[in-house]
Amino acid sequence: MTDSEKIQKALAPLRASDTAVQEVLEMAEHRNTHTIKKSSRTLLIAAVVAALLIGTALAVTYSSWSPGLLDQLNLTEEEAVSLENTGLVTRPAVSDIHDGVTVSIEQAVASGDTAHIALRIEGLDIPEGQELAWEGPLVTIDGERAPSWYARVYEDLHWDGSRFIYGDGTAAPLAEEGFPIPRIVREDGSVELDVALSGLGNIDTLVGKEITVTLYRLGNAPLSTQYATPEYTAEGPWVLTWTAEGTETSRIWELDEDLGHGIRLTKVIFSPLSAHIEYTYPPLTIVDDHAYDAEGSELPEEPPHLYKIILKDGAEYLDVLGSGTMGPDGDDLSDLENGFIFYTDMELTHIIDPEEVAALVFRETVLGDVPDSEVEFYTVTLPE
């Protein structure tokens, strides 16, 4: 549809006169080369048209995001649109076809050593009541196995506080076993398989490196809470190789903040997609698998974990850490009496701008389901 056709369609509900319509069309046609003086009525209509056309453009941009990545990164419509021109988002033209099944990259979001990749699978027949079965993926970075990755199929299931619903708002029916039935096949017949990739702090950045994702077999399996034997109906391998693009934007804070029990927060590194956090533990001794400090107080097995990110504008993100790894730094822990470094390398559950982070809230790590009122919280204001 041309801009002229869009304008005429947009004006139809406004009952604009033929003269007004023609004036707005002239303004659109000459907007780059002429200054046109028109009536306030015409300008008002033109403003409405502009808003409608911009809204249409934003809707197209938003809908071009894969629903799986929108869900995985907890993005609102406005956030998804604003990220389009940041360098984080790419859509590599990479695909492979075997046995009549095409696998392609629908979208990739990368920053630092973390990436989220939406794979689009077309031509695979998944009967009703079945789910996607896949063998793989194998993920390599410049020919070497990636430190960490996982894959999950987008199921279009969302919890509204009382029940599971689909993206269109309809209630998800329940299987006989009581679990909600996912909606795996999208309206266009494709299936989305999302791959999350992390360098776990061993890679400075993925940007500029060659990424390869390989799937070996695809098929279906019965929906079940128990292990179901898959039926593979298409043989690969599907090999997708491209050079990662994205942004290397990150922020590093060197700190010395007390988080209780002699544990100190010493370093925080944020990229838009990941967090690296370092703590120092005090000298300790181990007795019957329990750790004690020099005063004989028992130390927690894990330091307080990052609970909340507070931005400069007051916005707050809760439960921000996703998958990743954590633990003492190094393999030799025989010298614990001298203390050690504990690190966390995890993906974030929400895209952030590191430059906009103002403070962090850490929650004491305790065993069991303990209410917030009974645990300690530590707020760390980050220096500019």
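Residues numbered from 1 in each chain as written. Predicted model: local features only at pLDDT ≥ 70, side-chain atom pairs only at ≥ 80, totals over all residues. Heavy atoms only, no water.

Q: Help me out: how do you make sense of the overall build of the protein in this one?
A: Per the secondary structure count, the protein includes 5 helices and 24 strands. Every one of the 384 residues in the protein was classed for burial, and the buried ones make up 43%. Expressed as a percentage of contacts within the protein between residues at least 6 apart in sequence, the contacts between residues at least 24 apart total 60%. (Helix = DSSP H or I, 4+ residues; strand = E, 2+ residues; numbered from the N terminus. Buried < 20%, exposed > 50% of the residue type's maximum accessible area, 1.4 Å probe, protein only. Contact = heavy atoms within 4.5 Å.)

Q: Whenever I open this one, the sheet that holds strand E22 (residues 340–348) confuses me. Can you help?
A: Consider a sheet: its strands pair through backbone hydrogen bonds, and that pairing is either parallel or antiparallel. Strand order in the open sheet formed by 5 strands is E14-E15-E16-E22-E21, and the pairing between neighbours is antiparallel. Every other strand in the sheet has two partners, leaving strand E14 (251–258) and strand E21 (321–328) as the edge strands with one partner each. Neighbour-to-neighbour, the strand axes of the sheet open up by a mean angle of 15°, direction not taken into account. When strand E15 (residues 264–270) meets strand E16 (residues 274–281), the two strands line up antiparallel, connected through 6 bridges. (Pairing = 2+ DSSP bridges. Axes fitted to C-alpha atoms, helices over the stretch in contact; angles between N-to-C directions.)

Q: Please clarify how the nonpolar core should be interpreted in this entry.
A: For soluble globular proteins, nonpolar side chains are generally found buried alongside one another. If you look at the biggest cluster of nonpolar residues, it comprises 33 residues, and the most contacted ones within it are Leu-119, Ile-121, Leu-132, Ile-211 and Leu-218. Counting residues per element, the ones that place at least two in this core are strand E3 (101–111), strand E4 (114–122), strand E6 (138–141), strand E11 (191–198), strand E12 (210–222) and strand E13 (231–243). At 5 residues, E3 tops the list of elements feeding residues into this core. Setting aside residues no more than four positions away along its own chain, Ile-121 makes contact with Val-101, Thr-102, Val-103, Leu-132, Ser-190, Val-191, Leu-193 and Leu-218. Membership of the second largest hydrophobic core comes to 29 residues, among which are Ala-275, Ala-291, Tyr-378 and Leu-382. (Core = buried A, V, L, I, M, F, W, Y, C linked by side-chain atoms within 4.5 Å.)

Q: What exactly am I supposed to notice about empty space enclosed by the protein here?
A: Where empty space is left becomes clear once a probe the size of a water molecule has been rolled over the atoms. The tally for this structure, following the rule as stated, stands at 2 cavities of 30 Å³ or more. For the largest cavity, the calculated volume is near 60 Å³. As for the largest cavity, its lining consists of Ile-277, Tyr-279, Glu-302, Pro-303, Pro-304, His-305, Leu-306, Leu-321, Met-326, Phe-342, Thr-344 and Thr-365. Secondary structure elements with two or more residues in the lining of the largest cavity: E16, strand E19 (305–311), E21 and E22. A per-class count over the lining of the largest cavity returns 8 nonpolar, 3 polar and 1 charged. Estimated volume of the second largest cavity: approximately 50 Å³. In this structure, the second largest cavity is lined by Thr-90, Ala-108, Ala-110, Ala-115, Ile-117, Leu-206, Ile-211, Trp-242, Ala-244 and Glu-245. If you list the elements that add at least two residues to the lining of the second largest cavity, you get E3 and E4. (1 Å grid on protein atoms, 1.4 Å probe; cavity = no way out; pocket = protein on both sides within 12 Å on 5 of 7 lines; lining within 4 Å. Points joined across faces, edges and corners; volume = space filled by probe spheres on them. Nonpolar A, V, L, I, M, F, W, Y, C, P; charged D, E, K, R; others polar.)

Q: Looking at this structure, I do not really get the environment of Thr-266. What am I missing?
A: On the secondary structure map, Thr-266 appears in strand E15. Assessed through its relative accessible area of 17%, Thr-266 is described here as buried. Distance in space between the C-alpha atoms of Thr-266 and Tyr-279 is 5.4 Å, their sequence separation being 13 residues. Apart from residues no more than four positions distant in its own chain, Thr-266 is found in contact with Trp-253, Glu-254, Leu-255, Glu-278, Tyr-279 and Thr-280.

Q: What is the right way to look at the pairing of E12 in this model?
A: Along any regular strand, the residues point their side chains to alternate faces of the sheet. Two strands pair when backbone bridges link them, and strand E5 (residues 130–135) and E12 are joined in this way by 6 bridges, in the antiparallel orientation. Residue pairing for E12: Gln-130 is matched across the bridge by Pro-222. The pairing of E12 with E13 spans 10 bridges and is antiparallel. Looking across to E13, one finds that Asn-220 is bridged to Glu-231.

Q: Even after reading the chapter, I still don't get the sheet that holds E19, so can you show me in this structure?
A: Taking strand neighbours across the sheet as the criterion, the 4 strands line up as E20-E19-E23-E24 in an open arrangement whose pairing is antiparallel. The open sheet terminates on both sides in strands that have one partner only, identified here as strand E20 (316–318) and strand E24 (377–381). Taken over all neighbouring pairs, the strand axes of this sheet differ in orientation by 20° on average, direction set aside. Of the pairings in the sheet, the one linking E19 to E20 comprises 3 bridges and is antiparallel in character. Of the residues in E20, the one forming a bridge with Lys-308 is Leu-318.

Q: Is there a simple way to explain unusual backbone geometry in this structure?
A: Note: most peptide bonds trans; most residues except glycine with negative phi. Cis geometry marks the peptide bond from Gly-136 to Pro-137, where omega comes out at -5°. Position of Pro-137 among the secondary structure elements: in the loop between E5 and E6. The omega torsion across Gly-236 and Pro-237 is 10°, close enough to zero to call that bond cis. Inspection of the secondary structure assignment puts Pro-237 in strand E13. Despite not being glycine, Asp-156 shows a phi value in the positive range, around 60°. Note on placement: Asp-156 falls in the loop between strand E8 (148–153) and strand E9 (158–159).

Q: In this structure, what is going on with the environment of Arg-251? I would like to understand it.
A: Examined against the element boundaries, Arg-251 turns out to sit in strand E14. Between the C-alpha atom of Arg-251 and that of Val-268, which follows or precedes it by 17 residues, the distance is 8.1 Å. Filtering out sequence-adjacent residues up to four positions away, Arg-251 remains in contact with Val-268, Ile-269, Phe-270, Pro-354, Glu-355, Pro-383 and Glu-384. Looking at Arg-251, its side chain comes within polar contact range of the main-chain oxygen of Pro-383, at 3.4 Å. (Polar contact = N/O pair within 3.5 Å; in protein donor to acceptor, adjacent residues only side chain to side chain.)

Q: What is the right way to read the packing of aromatic side chains from this model?
A: Where two aromatic rings form a pair, the distance of their centres and the angle of their planes describe that pair. Throughout the structure, instances matching the rule amount to 7 aromatic pairs. With a centroid separation of 4.8 Å and an interplanar angle of 15°, the aromatic rings of Tyr-281 and Phe-340 are classed as stacked. On the criterion of sequence distance, the pair formed by Tyr-281 in strand E16 and Phe-340 in strand E22 is long-range, its members being 59 residues apart. Note on accessibility: Tyr-281 and Phe-340 belong to one class, buried. Here Tyr-307 and Phe-377 contribute two aromatic rings whose centre-to-centre distance is 5.3 Å and whose plane-to-plane angle is 65°, an arrangement assigned as edge-to-face. Here Tyr-307 is found in strand E19, whereas its partner Phe-377 is found in strand E24, with 70 residues between them in sequence. By relative accessible area, which is 16% here, Tyr-307 ends up buried. Taken together, the aromatic side chains of Tyr-279, Tyr-281, Phe-340, Phe-342 and Phe-362 make up a single cluster linked through ring pairs. (Phe/Tyr/Trp six-rings, centres within 6.5 Å; stacked < 30°, edge-to-face > 60°.)

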